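A closer look at the structure
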Amino acid sequence: MGKRNFRKNKGGNNKKNFGKRSEVHDREKSWTEAVRESEKWETYYKAMNIIPEEEWDTFKKHCQENLPLTFRITGSRAHANEIKENFIKNHVSKLQDAEFEGVKLTPRNLSYYPNELGWQIDVSKAVIRKNEEFAKTQRFLVIETEVGNISRQEAVSMIPPLLMDIKPHHAVFDMCAAPGSKTAQLVEALHSDDDNKLATGFVLANDSDYKRSHMLVHQVKRLNSPNFMVVNHDAQLFPRIRLNGASEFLKFDRILCDVPCSGDGTMRKNVNVWKDFTVGNALGLHSLQINILNRGLQLLKKGGRLVYSTCSLSPVENEAVVAAALRKWGNQVKLVNCDNELPGLVRRNGVRDWKVFGKDMQIREKGAEDVADTVFPPTEEEGNTFGLENCIRVYPHLQNTGGFFIAVLEKTDPEGAKRIAEDDKEESSKKQKTDEQSNAVETIDKPQPQRKEKLPRDANEEPFIFLDPEHPQLAKCWPFYDFKESFPRDSTLVRNATGEPLRTIYYVSSILKEILTIEEQKLKVIHAGIKLFVSQRNDTGNCPWRVQNESLHTIKSFLGDKRHLSCNLKLLELLFQEAFPKIQAIKDSAIDTEFSSRLDAMEEGCVFLTVKREGDDLEDLFLPLWKGKTNVNLMVNKKDTHELLYRVFGIETTAKDAGKEAIYQKNLEAVRKVRDSAEPESGATSELDSSAPPAESESESTTKTNV
């Protein structure tokens, strides 16, 4: 019998594999040749008169082109400025003369993004990957994105969070948060002043789709915020929150209402918009959008700001929805004129008159049975009152972007105004759902069957159980790491059914603890907290718990000097490039005698390493270091090591370079072989310190780029 070929999808004359290759080829061919034309789209938007006739050809041409690459630099002020200056010095300046098919490759500022932290390159990411002149910049973008210093995000998607004016003490609610790029901006804004004082507010991110709410965690978790929580609810019926002992329900200072929409403003990156465009998409979502916006306004504080946004250009999903809310709320809510905000953003005013089409592409008049009255333009009197021109429209041809709509509303709540009851019955909200909504396009976020979804492998559905600050395990950590009394020790928790600290201890901000411990809890909580301690299995003396990277920024100001070390840059470079150097070898080298002297006096376990850097615009580094019996180990994962080697020392790496963890595992395996082959009485020992943990794995560690 001949040998069976168990290799899958390999070459040869296998008919089945050939068929699969043909299918893939056909799919790729159909994708590359996708027709970016739609008679219905063109008829509809020409009738709307939102684009001046003389601009139509330019508008359409931009809609048919691929989006440019855009990104923003994230992190605290000092950190973000360092990344920005690095990018300008080593990449922008060296691409001044680079071109591709007549298009300049020089990165340029998004003029409306504050502090020059938003950037655009006027070609698609596919061109950047293939262009040799861009190789180093491409590597820079990949490294910084992997560790969270850069977020790839569409330019227009950055606008709504910028208009929310978030302060560190604000309660912020993102009603329809997934996939999370805007949510990340909200968290960054909350922590924007963390260089001086930690935030006391929080960001609550909600999504109605169970699986997407878990995926949302991965998008924002890299920011290492103890003030961030993810929940899973239908935004239309979001439950009211009453803290224990409070007489009133919790209200929010800032709300982002980025609702499900038809997405026809995304035609530059989603080519399916061209073939799938129908008027029914917008009509079917209209009532859902009104319900979400009204619920958001109910949850908004007096004086609070709500930003309503869509990636659609249809007035049915935009001005008509805003007008319906203003009609309901009267003078309790006003549209904010943002002309003086985000200077540099080229925009158009909202519209107050438009035509309404039915699903058959025929124009409807008010009173038509198949179209809700709220989709029609406001009356002349309402138009003069509502101020819909204060809405913001962003078109692709204005600044080479996608299409977007933004409206900023404030809760004025004047004395004597007729109030809308906050305890609207959920049943009445349900009755407002129309038949169109139930038949809406797939872009609506529908709650998914729980437990049946394939969730991320680190998704945790265990309860949130807070620990007594005097718990025996915590009692070992507080003195060992020299925590100050001011640290909120009652905000630590575990995520397991036993309620005991078995492997991981988490930490949340005090306000999130109040929410998580509500007695009659109505929230379906998906995620909250950052890892504070992880158990160290080896015998490490007084404290068997090591501090996790993701909590370093939060606890830094609460730590005394007991476990603090400092070192010079020369020693840091050695620690980055050599896995588990011996303590005696560092001492003998005299690279940093003060470091060696302080290290000798410390017990085994986790210590904190501060590295001072010269220059006002350079932040000091704060890293975790493990002291074993005979070795030390800088507990930084491969991706962070590559980024810091480049940013601090100018040492370029490739994606194939081995990380310290891989080196450690290879050495450890060699040690085990020696031990296994040695005679019991030989007393064979290893130069590798088995008491030291490996560098944190990619799944456990998170970037030091804290917000």
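Residues numbered from 1 in each chain as written. Predicted model: local features only at pLDDT ≥ 70, side-chain atom pairs only at ≥ 80, totals over all residues. Heavy atoms only, no water.

A look at the overall build of the chain
Across its full length, the chain holds 24 helices and 25 strands. Each of the 707 residues in the chain was classed as buried or not, and the buried ones make up 55%. Long-range pairs, those at least 24 residues apart, make up 77% of the contacts in the chain with a sequence separation of at least 6. When the accessible surface of the chain is totalled, it reaches about 33100 Å², and 47% of it is carbon and sulfur. (Helix = DSSP H or I, 4+ residues; strand = E, 2+ residues; numbered from the N terminus. Buried < 20%, exposed > 50% of the residue type's maximum accessible area, 1.4 Å probe, protein only. Contact = heavy atoms within 4.5 Å. Areas by Shrake-Rupley, 256 points an atom, 1.4 Å probe, with all protein chains shown as cover.)

Regarding unusual backbone geometry
With an omega dihedral of 5°, the bond running from Ala178 to Pro179 counts as a cis peptide bond. Among the structural elements, Pro179 can be located in the loop between strand 7 (171–174) and helix 8 (181–190). One non-glycine residue, Asp165, adopts positive backbone phi at about 55°. Relative to the helices and strands, Asp165 is located in the loop between helix 7 (159–162) and strand 7.

Considering the sheet that holds strand 24 (residues 621–627)
Across the sheet, 4 strands lie side by side as 22-23-24-25; this open sheet has mixed pairing. The open sheet has two edge strands, strand 22 (564–566) and strand 25 (632–634), and neither has a second partner. Taken pair by pair, the neighbouring strands of this sheet meet at an average axis angle of 35°, ignoring direction. Here strand 22 runs beside strand 23 (residues 605–611); their pairing, made up of 3 bridges, is parallel. Bridged to Ser566 within strand 23 is Thr610. (Pairing = 2+ DSSP bridges. Axes fitted to C-alpha atoms, helices over the stretch in contact; angles between N-to-C directions.)

Quick look at the UniProt feature "binding site: S-adenosyl-L-methionine" (unreviewed entry) in the chain
In the numbering used here, UniProt assigns the "binding site: S-adenosyl-L-methionine" (unreviewed entry) feature to Cys176, Ala177, Ala178, Pro179, Gly180, Ser181, Lys182, Asp207, Asp234 and Asp258. Considering the arrangement of structural elements, one finds Ala177 in the loop between strand 7 and helix 8. Overall, Ala177 belongs to the buried group, its relative accessible area being 6%. Looking at where Gly180 falls in the secondary structure, it is placed in the loop between strand 7 and helix 8. In contact with Gly180, other than residues within four places in its own chain, are Leu216, Gln219 and Val220. (UniProt positions renumbered as here; feature names shortened; annotations may be inferred.)

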